[in-house]
Protein chains: 2
Amino acid sequence: MVLDDRKFMILKAIIDDYIITAMPVGSRTISRKSGVGFSPATIRNEMSDLEELGYLAQPHTSAGRVPSDKAYRLYVDSLLRSDEISTQEKQRIEDYISRRSGQVEDIIRAAADMLADVTQYTSVVVAPRIQTLRIRRVQLVPVSEGTALMIVVTSAGIMKDALISVPADISSDNLYALSEMLTRELEGHTLEEVRQIFARVFRDMSMNRRLLGGVMKVMEEKLTEDAPEDVVIGGTTKLLNYPEYSDIDKAKNFLTIFESKERLAGMLKKNGGMEISIRIGSENEMEALQNCSLVTATYRVGKHGSGTLGIIGPTRMNYRRVVTMMEYMGQVISKMLSGE
Amino acid sequence: MVLDDRKFMILKAIIDDYIITAMPVGSRTISRKSGVGFSPATIRNEMSDLEELGYLAQPHTSAGRVPSDKAYRLYVDSLLRSDEISTQEKQRIEDYISRRSGQVEDIIRAAADMLADVTQYTSVVVAPRIQTLRIRRVQLVPVSEGTALMIVVTSAGIMKDALISVPADISSDNLYALSEMLTRELEGHTLEEVRQIFARVFRDMSMNRRLLGGVMKVMEEKLTEDAPEDVVIGGTTKLLNYPEYSDIDKAKNFLTIFESKERLAGMLKKNGGMEISIRIGSENEMEALQNCSLVTATYRVGKHGSGTLGIIGPTRMNYRRVVTMMEYMGQVISKMLSGE
DNA sequence: CGTTAGCACTCTCGCTTGTTGAGTGCTAAT
DNA sequence: ATTAGCACTCAACAAGCGAGAGTGCTAACG
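Residues numbered from 1 in each chain as written. Chains lettered and ligands numbered in written order. Predicted model: local features only at pLDDT ≥ 70, side-chain atom pairs only at ≥ 80, totals over all residues. Heavy atoms only, no water.

Caption draft 1: Molecular detail of the relation of the copies chain A and chain B. Its rotation angle being 180°, the transformation that places chain A on chain B also includes 0.1 Å of axial translation and leaves an RMSD of 0.2 Å. In the structure described here, the two chain copies are related by an operation that fits a two-fold rotation axis. Closest to the rotation axis within chain A is the C-alpha of A:Ile248, separated from it by 3.0 Å. Most of the interface of chain A is mirrored in chain B, where 100% of its interface residues are also at the interface. (Least-squares fit on C-alpha atoms with pLDDT ≥ 70 in both. Contact = heavy atoms within 4.5 Å.)

Right, dumping it as structure tokens:
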């Protein structure tokens, strides 16, 4: 079933209006709009059809119509064109983010804040995943009797660190020599390859077996799994400004989403590497997101790294602006993280 | 003006009741309580007196009475005894926290979550400040052409890291030698002393002047200032469960507190190293906290380090339980962080 | 003289009722 | 096919009312 032009136009007008006002839209409102040359009665007939087709819903008889998820889906699929961003705004964004130190977390944090600020919705940024990145350097630094800090530097300059236990009597020089050796062996390899190297090369090094086992274990943990710190949320309370969350229960329900960063990261990563993915209302699996839309985008870091950024807002969000901003922000993050 | 025993007892009864119900307390309610042998009329007279003295307030004529900030102040000053914690609960807390890796952030995070969980209020934990701590180790690790990661390990095992720029042609071995040298010179000294050492010892090392200047600068920044990551918040949305925040505006207002971790840390640190400090309602400077109470405690790390933990809840919070829990949690954190 | 019973008074809360206004659906005229 | 007209529906708001909780005051009591 395909909609004729007029139905299409009316539906678009309704969505445009509802996105701004968050109030059910009546036939008069649409009729008054410039560019629509029909009386309320005609609009009503069309609206009635659209309702039957599942694009509109009525909160109650004698209220206006409200777009359904299906309508938003049609809207984003067929009507979404990228917006322009003023050079002024671009400047502001780049300034804000590039003022940071080169630390990945700082940049991620800044990006999340900025994204929340320009869209006025809640933003989520996941730090670049590291699986396919290659190791550039491994270093062990003594911290105290029996513990050392292990630092892994990867291509793209992303670092991970973790405490591991080492023999109590090992010297600083010894650790350094070990670090150099590890770096020499592992440099340029991916985690997959590292596993094999460990199995092959280090099998006979009985002396440091336990230590190296620890190193491998930490690598697996840190480089495979997304640590909770790698998810950054910006503008958590932004959504409380929208009337759909003026009910305290809905607000509470919504805020629980952010209690588990792991689940959040899981959600975001479901976009399967798509440039931009939009999930509207019931298209979300998570219970608490049934009344929200989730827009996610992927950004690249270097050749093999990639991360995700997302915006969570009401289903009636301003998709055009959000998508535009996400695209741009993705570029900026890529540039910042790869360029370093 | 000192209250006689009966007034005192009645006031306590009112507060106890209000803490649980959050509803204005009437004279009948108090009269019915076991241990009070007076009729509602008598209670009313006393209540009237207490109101005149500023301990009670009436939301409106013919509602019950509500304790004022002054009443809570009296309550915590004179009636607060520590509670007992069941060994079972102690066990649960220690298990949860000690299951973490030794990383400071992890422990802080776990402590904040646990504190929010056992009190059902919002918790804030500030990582130990490092000023008076002594440096144990400095290490530079190459990250990419022209940048290195600088890691400072202090007594108590607290680490700080930062990226600094280094000459592009410096070798890994060279950086290691430099690290060893720095460690040798700075080990066991406080930041104050480090400044002097830099001025004295390294003055003539013209070659690495720029590099060392960078090292010093980062040290100052990282070790002096509290980085925003050092403040961890647990159970942000816990307070939304209480009726005093069922109004969305109040909730929003309250949630803005957590937007700036710096300001939050500033607030917490105002307890001046006191074991336990309680600020009730209007005793707080921050506008958004006028209807809340803030309970803070200091914990020690090693000999010279200290950090703060805090609970934010409604003025009618269960001070007894909160204080008890804070005391215990402070001990646990101390043990975890110092013991490593 | 402290304590208490009794009573009039006040104010919130929840319920019902009426009114208004926005918006619809249908029908008949254009 | 479009539109004007009209009857109808329903949420939202305001007004009015009774019930209930709680107070303050006064007078009686031990």
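Now that the structure has been shown, we can carry on.
Caption draft 2: Just the protein's contact with DNA strand C, in detail. Around DNA strand C, a shell composed of 20 residues is seen, among which A:Ser27, A:Arg44, B:Arg6, B:Thr42 and B:Ser62 lie nearest. Among the atoms of DNA strand C close to the protein, meaning within 4 Å, 72% are from sugar or phosphate groups. B:Arg6 has a polar side-chain atom sitting 2.8 Å from a phosphate oxygen of DNA strand C. If you list the elements that add at least two residues to the surface near DNA strand C, you get α3 (40–52) of chain A together with α3 (40–52) of chain B. Looking at the surface near DNA strand C element by element, the count peaks at four residues for α3(B). The class makeup of the residues in the surface near DNA strand C is four nonpolar, twelve polar and four charged. (Near = heavy atom within 4 Å. Polar contact = N/O pair within 3.5 Å; in protein donor to acceptor, adjacent residues only side chain to side chain. Helix = DSSP H or I, 4+ residues; strand = E, 2+ residues; numbered from the N terminus. Nonpolar A, V, L, I, M, F, W, Y, C, P; charged D, E, K, R; others polar.)

Caption draft 3: Broad picture of the domain arrangement of chain A. Residues and elements named next belong to chain A. According to the domain assignment, chain A consists of domain 1 (5–79), domain 2 (87–128 + 228–337) and domain 3 (131–221). On a C-alpha basis, the centres of domain 1 and domain 2 stand 29 Å from each other. Carbon and sulfur atoms supply 61% of the area buried between domain 1 and domain 2, which totals about 900 Å² over both sides. At the boundary of domain 1 and domain 2, one finds one salt bridge. At the surface where domain 1 touches domain 2, the tally comes to four residue pairs in polar contact (both at pLDDT 80 or more). Of all the secondary-structure elements, those providing two or more residues to the side of domain 1 that touches domain 2 are α1 (5–21) and α4 (69–79). Broken down by element, the residue count for the side of domain 1 that touches domain 2 peaks at five residues, all from α4. When grouped by side-chain class, the residues that make up the side of domain 1 that touches domain 2 number seven nonpolar, no polar and two charged. (Domains from an automatic or database assignment. Buried area = accessible area lost by both parts, 1.4 Å probe. Salt bridge = Lys/Arg side-chain N within 4 Å of Asp/Glu carboxyl O.)

Caption draft 4: Representation of the interface of chain A and chain B in the model. Contacts between the two partners involve 31 residues from chain A and, on the opposite side, 31 residues from chain B. Together chain A and chain B conceal approximately 2800 Å² of surface at their shared face, both sides included; 62% is due to carbon and sulfur atoms. Interface area lost by chain A to chain B is led by A:Val143, A:Tyr176 and A:Ile248, which between them contribute 19%. If you look at where chain A meets chain B, you find twelve residue pairs in polar contact (both at pLDDT 80 or more). Listed by contribution, the elements that provide at least two residues to the side of chain A that touches chain B are β4 (135–144), β5 (147–154), β6 (159–165), α7 (172–186) and α10 (248–255) of chain A. When the residues that make up the side of chain A that touches chain B are grouped by side-chain class, the tally is 15 nonpolar, nine polar and seven charged.

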